[in-house]
Amino acid sequence: MDVIIESLPQYWDGFLRTLFLAAVSGIIALVAGTLLAAARVSPVAALRGFSMAYVEVVRNTPLTIAFFFAAVVLPRLGVTFQQFEIAAIIALSAYTAAFIAEAVRSGVNSVPVGQAEAARSIGMKFGQVLSLIILPQALRTVIPPMINILIALVKNSSVAGAFYVLELFGYGKQLANDHGDAVMWVLVGVAFFYLLITVPLGYLAHQVERKVAIAR
Amino acid sequence: MSSVLYDVPGPKARRVSLIGSVIGVVLIAALLAWAVMTLGQQGIFQAQRWAIFGQADVWSLIANGIGATLAAAAIAAVIAFPLGLLLCLMRISDVAWIRIPTRIVLEFLRGMPVVLMMLFVLLVFATSSFIAVVTGLVLYNAAIFAEIIRAGIQSLPRGQREAGLAIGLTSFQSRLTIELPQAVRRMLPSLVAQLVVLLKDTSLGYIVAYGELLRAVQVMADFLGPQFLFPVFFVAAAIYIAINLAVSRLAIWIERRGSKKAAGGVAKAPTAGVSTVVK
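This is a predicted model, so every value here is computed, not measured.

What counts and how
Residues numbered from 1 in each chain as written. Chains lettered and ligands numbered in written order. Predicted model: local features only at pLDDT ≥ 70, side-chain atom pairs only at ≥ 80, totals over all residues. Heavy atoms only, no water. Helix = DSSP H or I, 4+ residues; strand = E, 2+ residues; numbered from the N terminus. Rg over C-alpha atoms; globule rule 2.2 N^0.38 Å. Buried < 20%, exposed > 50% of the residue type's maximum accessible area, 1.4 Å probe, protein only. Contact = heavy atoms within 4.5 Å. Areas by Shrake-Rupley, 256 points an atom, 1.4 Å probe, with all protein chains shown as cover. Lys, Arg positive; Asp, Glu negative; His and termini not counted. Charge placed at Lys NZ, Arg CZ, Asp CG, Glu CD. Patch = residues over 30% accessible without salt bridge, like charges linked within 9 Å, V, L, I, M, F, W, Y side chains within 5 Å. Salt bridge = Lys/Arg side-chain N within 4 Å of Asp/Glu carboxyl O. Phe/Tyr/Trp six-rings, centres within 6.5 Å; stacked < 30°, edge-to-face > 60°. Lys NZ or Arg CZ within 6 Å of the ring centre and 35° of its normal. Buried area = accessible area lost by both parts, 1.4 Å probe. Polar contact = N/O pair within 3.5 Å; in protein donor to acceptor, adjacent residues only side chain to side chain. Nonpolar A, V, L, I, M, F, W, Y, C, P; charged D, E, K, R; others polar.

> What exactly am I supposed to notice about the overall build of chain B here?
Looking only at helices and strands, chain B features 12 helices and zero strands. Counting from the amino terminus, helix and strand elements in chain B follow one another as α-α-α-α-α-α-α-α-α-α-α-α. For chain B, whose C-alpha radius of gyration is 24 Å, the value lies well above the compact-globule estimate of 19 Å for 279 residues. The C-alpha extent of chain B, read off along each of the three principal axes, is 75 × 65 × 30 Å. Among the 279 residues that make up chain B, the fraction classed as buried is 45%. Looking at chain B alone, contacts between residues at least 24 apart form 74% of all its contacts between residues at least 6 apart. Total accessible area on chain B stands at roughly 14,200 Å², and carbon and sulfur atoms take up 70% of it. Of the side-chain charges in chain B, 23 are positive and 11 negative, and the distance between the mean point of each set is 9 Å.

Written out as structure tokens, the structure is:
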């Protein structure tokens, strides 16, 4: 167990970097995913088609493939990164955006039809209906699934550790190499720090879900 | 598809939408053209780079990769499902000393990255990478299956259980013979959707050096030379997407079939929601 206390500085650094990766990719994915969802329900056929193709392809692509592409294939095509973090953020946000888009779309579908009809009957245009009436209500319903996607994002960021980014998993691998005799404790320590993020978030999702359920 | 969000377009709106479509197509096409040009400048489209797909060896390596991927997924799914059923029964047990520890274990398994579990099994138990991959997948997906089935049981009308108890079944018998079969049927679409996640997660085996499809790509690129990385990678990614799309379609088909049947009187099955099928 001593190895956990000994390695606390590395754990802490990895913990912060995992949070950083998840936060930055999460924000990019939220914006991109909402735009994709808006495109998916828009009257413009080309945007609908593009959004649908993107979501279908990305949701069925393993995350490891996305990482492999960003970290290994892109550099050999001449797109180089100063830091692998950037490749990791690209892969994570491009992947997560597809799931956010699906969540927002299901939220849009959950808003009662009468809302849109009422908005249109007083003369609102598509953009107004979407931004003033539908999306504010839709986003409220999708907060719990959204939090669940963010939990998945935190866990998914561990793949970055396998692609040269020193976050929690990356440090875990390194520490496991250095402490061959205490591998179990090293990894238990890593697991603890992941649970420190994911379990409270899961609890939050559950609470919000109950609140929303009562409101409806 | 008519949408409630906008009217059936009139001539003016159709023109605006057409212009929008054209601009959209032009933008997307420009983006694609730029990507293709950049790739072309790197010599990606030289015929010799793609000629390797004329060789039987390349395909046999790819086939090995697919085989390893599917084997890990199939074995993990076959073990994880019954284990998930068992965990679900324990999670909703009337006995507190079974229910509470199970709950803690499930929270633990769901909150951890799958790849960390694989690494743990690989290093701590010094197993083969195949066993590490399968064990990681089994532990994680059994926990998810358990939660999906629990959601299914909770969605059943209370009378189902009450009727079971009233005719003298024990609590356990009612769960096993009345509630569980209905819950599994209701949640079949979510369970199949979770299979896509499981299949995708086999590619984490790449990280613990299991010889699945992505690892096969890496091995081939190392062997043939880096200039062949993109073609092989491209083909492997296409194979992954094709397999997963097929399973996704199956889930949607089951869902449609289920809701058609549900229209005949039985309450509509709840969608387990995005929460259970993310990742």
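On we go.
> Looking at this structure, I do not really get a nonpolar patch on the surface. What am I missing?
All names here are of chain A. Together, M1, M184, W185 and V188 give the surface a local cluster of nonpolar side chains, amounting to about 360 Å² of exposed area. Tracing the backbone shows W185 in helix α11 (residues 183–215). The partly exposed category is assigned to W185, whose relative accessible area is 32%.

> Honestly, the packing of aromatic side chains in this entry has me stumped. Any pointers?
Here a ring pair, both rings aromatic, is described through the centre-centre distance and the interplanar angle of the planes. Within this structure, the stated rule accounts for 19 aromatic pairs over all chains. Aromatic pair W12 of chain A and F15 of chain A: ring centres 5.5 Å apart, planes at 25°, arrangement stacked. In this pair, W12 of chain A and F15 of chain A both sit in helix α2 (residues 8–40), three residues apart, roughly one turn of the helix. Taking the relative accessible area as the measure of exposure, W12 of chain A reaches 49% and is therefore partly exposed. Given the relative accessible area of 9%, F15 of chain A is considered buried. Seen from their ring centres, F120 of chain B and F125 of chain B are 6.3 Å apart, and the 70° between their planes marks the pair as edge-to-face. Judged by relative accessible area, F120 of chain B falls into the partly exposed class, the value being 22%. Among the aromatic residues, those joined into a ring-pair cluster are F67, F68, F69 and F163 of chain A together with Y206 and F233 of chain B. A cation over an aromatic ring shows up here: R215 of chain B above the ring of Y206 of chain B, its NZ or CZ 4.6 Å from the ring centre.

> What am I meant to see in the pattern of salt bridges here?
Two side chains bearing opposite charge may form a pair once their charged atoms approach each other closely. For the structure shown, the criterion picks out 11 salt bridges over all chains. As a salt-bridge pair, E102 of chain A and R40 of chain A come within 3.3 Å of each other at their nearest N and O atoms. Of this pair, E102 of chain A sits in helix α5 (residues 84–110) while R40 of chain A sits in helix α2, and the two are 62 residues apart along the sequence. On the basis of relative accessibility, which here comes to 14%, the residue R40 of chain A falls in the buried class. Where E179 of chain B meets R175 of chain B, a salt bridge forms, and the shortest distance between an N and an O atom there is 2.8 Å. With E179 of chain B and R175 of chain B both in helix α8 (residues 171–186) and four residues apart, the pair spans about one turn of that helix. For the pair shown, E179 of chain B and R175 of chain B are each scored as buried.

> For this particular structure, what's the right way to read the environment of D2 of chain A?
All names here are of chain A. With respect to the helices, strands and loops of the structure, D2 is situated in helix α1 (residues 2–6). Owing to a relative accessible area of 58%, D2 belongs among the exposed residues under this scheme. For the pair D2 and A182, spaced 180 residues apart in sequence, the C-alpha to C-alpha distance is 9.1 Å.

> Please clarify how the interface of chain A and chain B should be interpreted in this entry.
Interface size is commonly expressed as the accessible surface area that is lost when the partners come together. Across the contact, 58 residues belong to chain A and 53 residues belong to chain B. Summing the contributions of chain A and of chain B, the shared interface buries around 4,800 Å²; its carbon and sulfur component is 75%. Counting the surface chain A buries against chain B, the share from its top three residues, N60, F68 and L77 of chain A, is 14%. Linking chain A to chain B there are one salt bridge. Connecting chain A to chain B are 12 residue pairs in polar contact (both at pLDDT 80 or more). For the side of chain A that touches chain B, the element with the highest residue contribution is α11 of chain A, accounting for 10 residues. Broken down by class, the residue content of the side of chain A that touches chain B amounts to 41 nonpolar, 10 polar and seven charged.

> Sorry if this is basic, but what is going on with unusual backbone geometry here?
Backbone phi values are negative for most residues with the exception of glycine, while trans is the configuration of most peptide bonds. Even without glycine at this site, Y164 of chain A takes up a positive phi of about 70°. Looking at where Y164 of chain A falls in the secondary structure, it is placed in the loop between α9 (158–162) and α10 (168–178). A relative accessible area of 56% means that Y164 of chain A is categorised as exposed. A positive phi angle, close to 65°, is found at A209 of chain B, a residue other than glycine. Among the secondary structure elements, A209 of chain B is positioned in the loop between α9 (188–201) and α10 (213–224).

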